[in-house]
Amino acid sequence: MARLAVKVDVDTLRGYVEGVPRMLDIFAKHGVKASIYFSFGPDNSGKAIRRIFRKGFISKMLRTKAPSTYGIKTLMYGTLLPAPLIVPENPDIVKRAFSEGHETGIHAWDHVYVQDCLAGISKEKYLKLYGMASALYEEICGCKASSVAAPGWQLSHAVLESEQELGLAFASDVRGYSPFLPVFEGVEYNVPQIPSTLPTMDEIYGLPGVNDETIPGIWYDGMDKEWNVVTVHAEMEGISKAGVLDRFLTLCKDRGTEFFTLGEYAAQAPLSRCEVVMGNLTGRAGTLAVQKEL
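Residues numbered from 1 in each chain as written. Predicted model: local features only at pLDDT ≥ 70, side-chain atom pairs only at ≥ 80, totals over all residues. Heavy atoms only, no water.

Participant: Could you give me a rundown of the overall build of the chain, with the residues and numbers involved?
Facilitator: A count of helices and strands for the chain gives 11 helices and 11 strands. Computed over the C-alpha atoms, the radius of gyration of the chain is 18 Å, within 12% of the 19 Å expected from 2.2 N^0.38 for a compact globule of 294 residues. Once the C-alpha set of the chain is aligned to its principal axes, its extents read approximately 45 × 45 × 40 Å. Taking all 294 residues of the chain together, the buried fraction comes to 57%. Of the contacts formed within the chain by residues at least 6 apart in sequence, a portion of 76% connects residues at least 24 apart. (Helix = DSSP H or I, 4+ residues; strand = E, 2+ residues; numbered from the N terminus. Rg over C-alpha atoms; globule rule 2.2 N^0.38 Å. Buried < 20%, exposed > 50% of the residue type's maximum accessible area, 1.4 Å probe, protein only. Contact = heavy atoms within 4.5 Å.)

Participant: I'd like a rundown of the pattern of salt bridges, residues and numbers included.
Facilitator: Proximity of charged atoms lets side chains of opposite charge pair with each other. Scanning the model with the defined rule gives 16 salt bridges in all. Between E203 and R284 there is a salt bridge, and its shortest N-O distance comes to 2.6 Å. In this pair, E203 is assigned in helix α8 (residues 201-204) and R284 in the loop between β10 (272-279) and β11 (288-291), connecting sequence segments 81 residues apart. According to the relative accessible area criterion, E203 is buried, its value standing at 2%. Taken together, the shared-partner salt bridges in this structure form one network comprising R175, D202, E203 and R284. (Salt bridge = Lys/Arg side-chain N within 4 Å of Asp/Glu carboxyl O.)

Participant: Could you give me a rundown of the nonpolar core, with the residues and numbers involved?
Facilitator: Counting residues in each nonpolar core, the largest one holds 73 residues, and the members touching the most others are V6 and F40. Once you skip the residues sitting within four places of it in the chain, F40 turns out to touch I86, V87, P88, V94, G105, I106, A108, W109, A133, L136 and Y137. A149, F170, I194 and A269 belong to the second-largest nonpolar core, a separate cluster that totals 12 residues. (Core = buried A, V, L, I, M, F, W, Y, C linked by side-chain atoms within 4.5 Å.)

Participant: Can you explain the sheet that holds strand β6 (residues 180-184)? Please cite residues and give values.
Facilitator: Ordered in space as β7-β6-β10-β11, the 4 strands form an open sheet in which the pairing is mixed. In this open sheet, the two strands that pair with only one neighbour each are β7 (187-188) and β11. Summarising the sheet, β10 and β11 pair through 4 bridges and their orientation is antiparallel. Considered in β11, the bridge of V276 is made with Q291. (Pairing = 2+ DSSP bridges.)

Participant: Report on the side chain of E103, specifying residues and quantitative values.
Facilitator: With respect to the secondary-structure elements, E103 resides in strand β3 (residues 103-108). No salt bridge forms around the buried E103; measuring N to O, its nearest opposite-charge neighbour K7 is 10 Å away. In this structure the side chain of E103 is engaged in a polar contact, spanning 3.2 Å, whose partner is the backbone nitrogen of L262. Setting aside residues up to four positions removed in sequence, E103 forms contacts with A34, S35, I36, Y37, F170, T261, L262, G263 and E264. (Lys, Arg positive; Asp, Glu negative; His and termini not counted. Polar contact = N/O pair within 3.5 Å; in protein donor to acceptor, adjacent residues only side chain to side chain.)

Participant: I'd like a description of the state of the cysteines, backed by residues and values.
Facilitator: Cysteine pairs can be linked by a disulfide, which is a covalent bond between their two sulfur atoms. For the structure shown, the criterion picks out 0 disulfides. For the unlinked cysteine C141, the closest cysteine sulfur is that of C143, found at 5.7 Å. (Disulfide = S-S within 2.5 Å.)

Participant: Run through the pairing of β10, naming residues and quoting values.
Facilitator: Summarising the sheet, β6 and β10 pair through 5 bridges and their orientation is parallel. Its bridge partner lying in β10, F180 is registered against S272.

Participant: Mind laying out unusual backbone geometry, listing which residues take part and the relevant values?
Facilitator: Its identity as a non-glycine residue notwithstanding, W153 has a phi of 50°, on the positive side. Tracing the sequence through the fold places W153 in the loop between β4 (147-148) and α7 (157-166). Using a relative accessible area of 1% as the deciding quantity, one classes W153 as buried. Even without a glycine there, the phi angle at E185 is positive, about 50°. Taking relative accessible area as the criterion, E185 reaches 58% and is therefore assigned exposed.

Participant: Quick rundown of the pairing of strand β2 (residues 35-39)? Include the residues and the values.
Facilitator: Most of β2 is tucked away: 5 of the 5 residues are buried. In β2, alternate side chains face the same way, and those of S35, Y37 and S39 on one face and I36 and F38 on the other are all buried. Two elements, strand β1 (residues 3-10) and β2, share 4 bridges in a ladder whose sense is parallel. Each residue of the ladder has a partner; that of D9, found in β2, is Y37. Taking the sense of rotation as the criterion, the β-α-β connection linking β1, helix α1 (residues 13-30) and β2 turns out right-handed. Examined bridge by bridge, β2 and β3 share 5 bridges and lie parallel to one another. Looking across to β3, one finds that F38 is bridged to I106. (Right-handed = clockwise from strand over helix to strand, strands pointing away.)

Function-wise, these values are silent; they only describe arrangement.
See the structure below:
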């Protein structure tokens, strides 16, 4: 019997307002509890244009039909249009996810800023940004967030030191194959990492043979690890690709898949030390944190 944890990243205002409620309906239909990570502060999606010179960025934007997927308005936030705050205008969506029993946590305060500028963000600055999201989360949910998931799987010593200082139960900042305790550039850290193991839709969509009909089977066939994690995005699988998510969960349920949250993985999986390196993955522009193969 395959194990699967569904991790949801919420990056934009549109994904939050339109995508998350639809995903919650889909999860309720299938009786699945997901691990959902919210961006709380400004939607600066328009500033992601700075990534245009990264290898693979333009091809990814074309393959995923970014303007229709994210919406023209979203692609102008923070540049031609002011950056709206994501959660403060409608905290009830976070509250609904929490009250329905999903595992909820923090993705970022400013998703684009953290993803694109992490190398220059000190631990003090990171803790300040995290603290803004954390305070809002606690106000909405009545408790502190116990986990975080890094935007774009970007990582630094400042992030890892902060997670340890905050006493987080676990984090999901890395791509890899199994839960582990991280070693980054020779330094050991004790907050467990629960990596995403499957490719994201935006990494594979539009490649030869990869479309709305085939993705559920591709994901299912890729669930060959002991602790499988798929990351889905509120902006894609919550809006135009909601049907793909629905069909994937139907396929998993029909084949007896056992669903977990990331926190349940962290509590149950044996945790050995593994090295984290900055590497590349097919379909993703730029580098990201990757669990080194044993």
